[in-house]
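The primary structure of each chain is shown beneath.
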Amino acid sequence: MDDLYEWFRDFYHTTGINLPFIYDSYDRDRMIDGFLTTVELSVICLFLSVVIGIIGAWLQGSAFTWTRRIVSGYIQLFRNTPPLVQLYFFYFAIGSALPRVETEWGGQAPMLSSFAWAVISLSFFAGAFNVEIFRSGIESVPKSTVEAAESLGFSRLQIYWDVTLPLALRVVLPSLNNNLVNLVKTTTLAYAIAVPEMLYVSAQIWSDNVNVPEMMIFLLIAYFVLVGILVWGMNRWERALKIPGFGS
Amino acid sequence: MSWSDKEPMISVRNVHKSFGDFEVLKGVSFDVMKGEVICIIGPSGSGKSTLIRCINALNDINEGSILVEGQEVNDPKLNKLELRKKVGMVFQQYNLFPHKTALENVMMAPIRVLKEDKKEVEARARALIKKVRLEGKENAYPGELSGGQQQRVAIARSLAMKPDVMLFDEVTAALDPETVGEVLITIKELAEEGMTCILVTHEMGFAREVADQVYFTDKGLIVEHGAPETFFENAKDPRTKQFLSQIL
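Owing to the predicted nature of the structure, the values given are computational and were not obtained by experimental measurement. (Residues numbered from 1 in each chain as written. Chains lettered and ligands numbered in written order. Predicted model: local features only at pLDDT ≥ 70, side-chain atom pairs only at ≥ 80, totals over all residues. Heavy atoms only, no water.)

Here we take up the overall build of chain B. Across its full length, chain B holds nine helices and ten strands. Scaling as 2.2 N^0.38, a compact globule of 248 residues should have a C-alpha radius of gyration of about 18 Å, and chain B matches this with 18 Å. A principal-axis box enclosing the C-alpha atoms of chain B has dimensions of 55 × 45 × 40 Å. When burial is assessed residue by residue, chain B has 56% of its 248 residues classed as buried. Contacts in chain B between residues far apart in sequence, at least 24 positions, make up 64% of those at least 6 positions apart. On chain B, roughly 10800 Å² of surface is accessible, and the fraction owed to carbon and sulfur atoms is 47%. (Helix = DSSP H or I, 4+ residues; strand = E, 2+ residues; numbered from the N terminus. Rg over C-alpha atoms; globule rule 2.2 N^0.38 Å. Buried < 20%, exposed > 50% of the residue type's maximum accessible area, 1.4 Å probe, protein only. Contact = heavy atoms within 4.5 Å. Areas by Shrake-Rupley, 256 points an atom, 1.4 Å probe, with all protein chains shown as cover.)

Residues and elements named next belong to chain B. One open sheet holds the six strands; their spatial order is S6-S7-S8-S3-S9-S10, and the pairing between them is mixed. Looking at which strands have only one partner, the edges of the open sheet turn out to be strand S6 (87–90) and strand S10 (221–226). Each neighbouring strand pair of the sheet contributes to a mean axis angle of 20°, computed without reference to strand direction. Relative to strand S8 (residues 196–200), strand S7 (residues 165–169) is paired through five bridges, and the arrangement is parallel. Following the sheet pairing, Asp169 is matched in S8 by Val200. Strand contacts of helix H1 (residues 48–55): strand S3 (37–41), S6, S7, S8 and strand S9 (213–218), with the helix running at about 150° to S7, the strand carrying the most contacts. Contacts from helix H9 (residues 238–247) reach S3, S9 and S10, with the element oriented near 100° to S9. (Pairing = 2+ DSSP bridges. Axes fitted to C-alpha atoms, helices over the stretch in contact; angles between N-to-C directions.)

What follows deals with the confidence of the model for chain B. Across chain B, the average pLDDT comes to 92, with 99% of residues at or above 70. Mean pLDDT across the elements of chain B bottoms out in H9 of chain B (86) and peaks in helix H3 (residues 102–112) of chain B (97). (pLDDT = per-residue confidence, 0-100.)

In this structure, Val210 of chain A takes a positive phi of about 50° despite not being glycine. Examined against the element boundaries, Val210 of chain A turns out to sit in the loop between helix H9 (198–209) and helix H10 (212–240). In this structure, Ala57 of chain B is a non-glycine residue whose phi angle is positive, near 65°. Along the chain, the position of Ala57 of chain B falls in the loop between H1 and strand S4 (63–68).

Counting 56 residues, the largest nonpolar core has Phe134 and Leu176 of chain A as the members making the most contacts within it. Per-element accounting of this core gives the leading share, ten residues, to helix H8 (residues 156–186) of chain A. (Core = buried A, V, L, I, M, F, W, Y, C linked by side-chain atoms within 4.5 Å.)

Residues and elements named next belong to chain B. Spatially, the four strands line up as an open sheet ordered S2-S1-S4-S5, and their pairing is antiparallel. The open sheet terminates on both sides in strands that have one partner only, identified here as strand S2 (22–32) and strand S5 (71–72). Bridge count between S4 and S5: two bridges; the pairing is antiparallel. What sits directly across from Val68, in S5, is Gln71. Seen against the sheet, H1 touches strand S1 (10–19), S2 and S4 and runs at an angle of roughly 60° to S2.

Attention shifts here to the pairing of S4 of chain B. Residues and elements named next belong to chain B. Looking at chain direction, S1 and S4 are connected through five bridges and run antiparallel. Opposite Arg13, over in S4, you have Ser65 as the bridge partner. Hairpin connection from S4 to S5: two residues lie between these consecutive antiparallel strands, with Glu69 at a positive phi of about 50°.

Residues and elements named next belong to chain A. Between the first and last C-alpha of helix H5 (residues 83–97) there are 20 Å, a value that for 15 residues agrees with the 21 Å anticipated at 1.5 Å per step. Taken as a whole, H5 carries its principal kink of about 30° at Phe89. Tucked into the core, H5 has its buried residues touching helix H4 (65–79) and helix H6 (114–140). (Expected span 1.5 Å × (residues − 1). Bend = angle between axes of the 7 residues up to and from the residue.)

All names here are of chain A. Inspection of the entire model under this criterion finds 20 aromatic pairs over all chains. Seen from their ring centres, Trp7 and Phe8 are 5.2 Å apart, and the 85° between their planes marks the pair as edge-to-face. The class of Phe8 is buried, set by a relative accessible area of 16%. For the pair Tyr74 and Phe78, a centre-to-centre distance of 5.1 Å together with 55° between the ring planes defines the contact as tilted. Of this pair, Tyr74 and Phe78 are both found in helix H4, four residues apart, which corresponds to roughly one turn of the helix. Take Phe78: its relative accessible area is 9%, and that puts it in the buried class. Every member of this aromatic cluster is reached through a ring pair, and the members are Tyr74, Phe78, Phe89, Phe90, Trp117 and Phe124. (Phe/Tyr/Trp six-rings, centres within 6.5 Å; stacked < 30°, edge-to-face > 60°.)

Given below as structure tokens:
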């Protein structure tokens, strides 16, 4: 490993291409932390946004007018406003309105960290789109299939969970895939509220080392690979869910 | 829980049903005794399907009364689960769950709705699949089965709930002529075992063979009914005669 680090240090001296996040242990550690923060933020938001999508789409089928109105209000709000504005709103407007808590050193700290606000904000943002995505899939499930389940005594929730949702999921995977890809890329907005994710760390590194072009190229490649892994996983999932004789 | 032979198992009284301004059922009454096989025939749009869909509350009715083993179906506080445990239904389009294998289709409702033990249900489901002559197709998905095979799985799926009465809604209408026979044999066996059956059908030969009573509906009313021999040989009403002359 040390040989590799030295090679990159020499590479910098001979070519002028500076990649300190490889050879410099301090930069390397913060880059690893940043990368892991991005992965963690992405995974949590992916999961929560899908949960929001599933629950929201269920509530949209509610018999209560007000439940449906609240869900569509939520969708309108989060779809028609920029995610950066949402993030600022959560962090600065709501975050500052919350009481502060005492830290272990006796100081004062916000109740929720910037990471927590990023999770909340981005999950609701992507979740709004996921509700619409799941709803479109639910509408594609034939009413007669639902009736068959009804006639067997399934409750509304059982029908949703056992019949409608599994069938809808198979229809919506491509569009869900798109939205989740967007979500991973949108995690870079967390930079704006100082969540030490990959873009934030890169900015610190390029400020210290003045190697902006190198960091930009690195970021492009890093996100390309990260999103590539997600797409690969989603495609595998899509294949695994394929039913003989169903769909195309 | 066995219903006595003295009282009608199903008692339909003066049932009215409208879709918007269109009155589909204009006061229909009939009784079904335990173990009886009833065939409902009549031209398209005469309300046959609507009538049997009302019996298991897939459609609600505007006026009248439907008693299923003494339980009033036309009741806002109807316990649909209790009703649907008693009444099985098979549809024209089979309506199997496409993401579940034949065996899983049969097992799903007893496990999820009746909360029965999985092992017992599986044994019962395998026996039912054998009964409908689909041994070896347990692990096939609906999309891999022919129409007739799917319809027999659908019958097995309903029987798995151990219903007291079976409703068949034009169950052979969507099938290829060569597969109609295999489904009819299954139904005939059920009828011979003493299952109470209400069939909406266009298979006159079959109705004649299995029915205890044949009902002819036209424009939302029961025009005429009788035992099959008298019904088919000596129809009284001109509408019945005209319909039979077109069909036979």
